[in-house]
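The lines below spell out each chain.
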Amino acid sequence: MSSKENIPSHIAIIMDGNGRWAKLNNKNRSFGHRKGSETVIKIVEASSEFNIKYLTLYAFSTENWKRPEEEKKYLFKLLKDFYKKEIKRLTENNVLIKHIGDITAFPKDVYDTIIDTERETLEKCHNPKLTVIIALNYGFRDELKNAIRNIVLDYKDKDLSLDSIDDTFISNYLYTKDIPDPDLIIRTSGEHRLSNFLMYQASYSEFYFTDVLWPDFSKEEYKKAIDEYANRNRRYGGL
């Protein structure tokens, strides 16, 4: 692992390839999603080991509602099972869980599990070693739409000055308020696009694309991405 000075503070991952992994292994898509959930806990544990402070995982996008009903039901059940199974291990390892996206759209039992998980980790992790942000029913266009609506409402109600609207002002209306922008964005499965993910926050992020499908994304592959990031020179538009 590279020196601590070169390790990204915040890594965001577009976890892609569960379905293709299942097809290649002659399994159904549900099996691929379950294998992908096993990879999640491995990468969370590796993030703690590598001293990453924030890890954002793109778990369910606003576009994923278009998937077959049975697949969505399985994903919801998998999320609930994952939290119930892993919550003790997460809190014992001082991992705080947050969520971004419109979680109110989920069925009540799923919504309640999400809220309970956030509350439990918040109560038990007073000085978290790692904050894991799960993007659920998240899409940047939806985030931007909500931010603009709330800015307009506050502009009417609070008599805001146009001069007050700067980067910090806008950031405070996004789901990611109080979360630093990602230093590194990783996408698995060989695709090279953001897919409506953190498009404002990714303005100066470094990108790492790998052909490895998410269920096969190992601690060693993760380390490769971090080491490559460490060798880059981030100029933020300067020389």
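Everything here concerns the structure above.
Here goes a summary of the coordinates provided. None of the values given here were measured: they were computed from a predicted structure. (Residues numbered from 1 in each chain as written. Predicted model: local features only at pLDDT ≥ 70, side-chain atom pairs only at ≥ 80, totals over all residues. Heavy atoms only, no water.)

**Thoughts on the overall build of the protein chain**
Right, so step 1: When its secondary structure is counted, the protein chain shows 7 helices and 6 strands.
Right, so step 2: Order of helices (α) and strands (β) in the protein chain, N terminus to C terminus: β-α-α-β-α-β-α-β-α-α-β-β-α.
Right, so step 3: Expected size for 239 residues packed as a compact globule is a radius of gyration near 18 Å; at 18 Å, the protein chain falls within 12% of this value.
Right, so step 4: Counting across all 239 residues of the protein chain, residues that qualify as buried make up 47%.
Right, so step 5: A separation threshold of at least 6 residues defines the contact pool for the protein chain, and within that pool the share at least 24 residues apart is 78%.
Right, so step 6: Each charge class in the protein chain can be summarised by its mean position, and for the 38 positive and 38 negative side chains these summaries are 5 Å apart. (Helix = DSSP H or I, 4+ residues; strand = E, 2+ residues; numbered from the N terminus. Rg over C-alpha atoms; globule rule 2.2 N^0.38 Å. Buried < 20%, exposed > 50% of the residue type's maximum accessible area, 1.4 Å probe, protein only. Contact = heavy atoms within 4.5 Å. Lys, Arg positive; Asp, Glu negative; His and termini not counted. Charge placed at Lys NZ, Arg CZ, Asp CG, Glu CD.)

**Structural notes on the sheet that holds strand β3 (residues 95–100)**
Right, so step 1: Ordered in space as β3-β4-β2-β1-β5-β6, the 6 strands form an open sheet in which the pairing is parallel. Each edge of the sheet is formed by a strand with only one pairing partner; in this case those strands are β3 and β6 (206–209). Averaged over all adjacent pairs, the angle separating strand axes in this sheet is 20°, with direction ignored.
Right, so step 2: Of the strands in this sheet, β2 (54–61), β3 and β4 (130–138) are in contact with helix α3 (residues 69–92), which crosses β3 at around 155°. (Pairing = 2+ DSSP bridges. Axes fitted to C-alpha atoms, helices over the stretch in contact; angles between N-to-C directions.)

**As for the environment of Ala-147**
Right, so step 1: Relative to the elements of secondary structure, Ala-147 occurs in helix α5 (residues 140–158).
Right, so step 2: On a C-alpha basis, the gap between Ala-147 and Asp-163 in space is 17 Å, while along the polypeptide they are 16 residues apart.
Right, so step 3: When sequence neighbours within four positions are dropped, the list of residues in contact with Ala-147 reads Tyr-173 and Leu-174.

**Quick look at the nonpolar core**
Right, so step 1: The biggest cluster of nonpolar side chains holds 39 residues, and the ones touching the most others in it are Ile-11, Ile-13, Leu-55, Ile-186 and Tyr-222.
Right, so step 2: For this core, the element with the highest residue contribution is α3, accounting for 6 residues.
Right, so step 3: In contact with Tyr-222, not counting residues within four places along its chain, are Ile-11, Ile-13, Ile-43, Ala-46, Ser-47, Phe-50, Ile-52, Leu-55, Ile-186 and Phe-217. (Core = buried A, V, L, I, M, F, W, Y, C linked by side-chain atoms within 4.5 Å.)

**Some details on unusual backbone geometry**
Right, so step 1: Within the chain, Asn-94 stands out as a residue other than glycine whose phi angle is a positive 60°.
Right, so step 2: Secondary-structure assignment places Asn-94 in the loop between α3 and β3.
Right, so step 3: One non-glycine residue, Ser-195, lies in the positive phi region at around 55°.
Right, so step 4: Considering the arrangement of structural elements, one finds Ser-195 in the loop between β5 (184–187) and β6.
Right, so step 5: Ser-195 sits in the partly exposed class, given a relative accessible area of 29%.

**Focus: the packing of helix α2 (residues 29–49) against α3**
Right, so step 1: The interhelical angle for the contact between α2 and α3, taken along N-to-C directions, is 30°, at an axis separation of 11 Å. What the angle tells us is that α2 and α3 run roughly parallel. Relative to α3, the crossing made by α2 is right-handed. On α3, the residues touching Arg-29, Ser-30, His-33, Arg-34, Ser-37, Val-40, Ile-41, Val-44 and Glu-45 of α2 are Glu-71, Tyr-74, Leu-75, Leu-78, Asp-81, Phe-82, Glu-86, Arg-89 and Leu-90.
Right, so step 2: Residues of the contact of α2 with α3, tallied by class, amount to 8 nonpolar, 3 polar and 7 charged. (Parallel < 35°, antiparallel > 145°, perpendicular 65-115°, else oblique. Left-handed = near helix turned anticlockwise from the far one by under 90°. Nonpolar A, V, L, I, M, F, W, Y, C, P; charged D, E, K, R; others polar.)

**Focus on the packing of aromatic side chains**
Each aromatic ring pair is characterised by the separation of its centres together with the angle its planes make.
Right, so step 1: By the definition in use, this model includes 17 aromatic pairs.
Right, so step 2: Between Phe-60 and Phe-76 the ring centres are 5.8 Å apart and the planes differ by 50°, which places this aromatic pair in the tilted class. Of this pair, Phe-60 sits in strand β2 while Phe-76 sits in helix α3, and the two are 16 residues apart along the sequence.
Right, so step 3: Put simply, the rings of Phe-50, Trp-214, Phe-217 and Tyr-222 touch in pairs and so form one group of aromatic residues. (Phe/Tyr/Trp six-rings, centres within 6.5 Å; stacked < 30°, edge-to-face > 60°.)

**Digging into the pairing of β2**
Along a regular strand, successive side chains alternate from one face of the sheet to the other.
Right, so step 1: Of all 8 residues that make up β2, 6 are buried, and the element is covered over most of its length.
Right, so step 2: Relative to β4, β2 runs parallel, the two sharing 7 bridges. For Tyr-58, the partnering residue across the bridge sits in β4 and is Ala-135.

**Here we look at α2**
Right, so step 1: Look at α2: 30 Å from first C-alpha to last across 21 residues, which is about the 30 Å you get at 1.5 Å a residue.
Right, so step 2: Of the positions making up α2, those classed as buried are Gly-32, His-33, Gly-36, Ser-37, Thr-39, Val-40, Ile-41, Ile-43, Val-44, Ala-46, Ser-47 and Ser-48.
Right, so step 3: Asn-51 occupies a position one or two residues after α2 and carries a positive phi of about 65°. (Expected span 1.5 Å × (residues − 1).)

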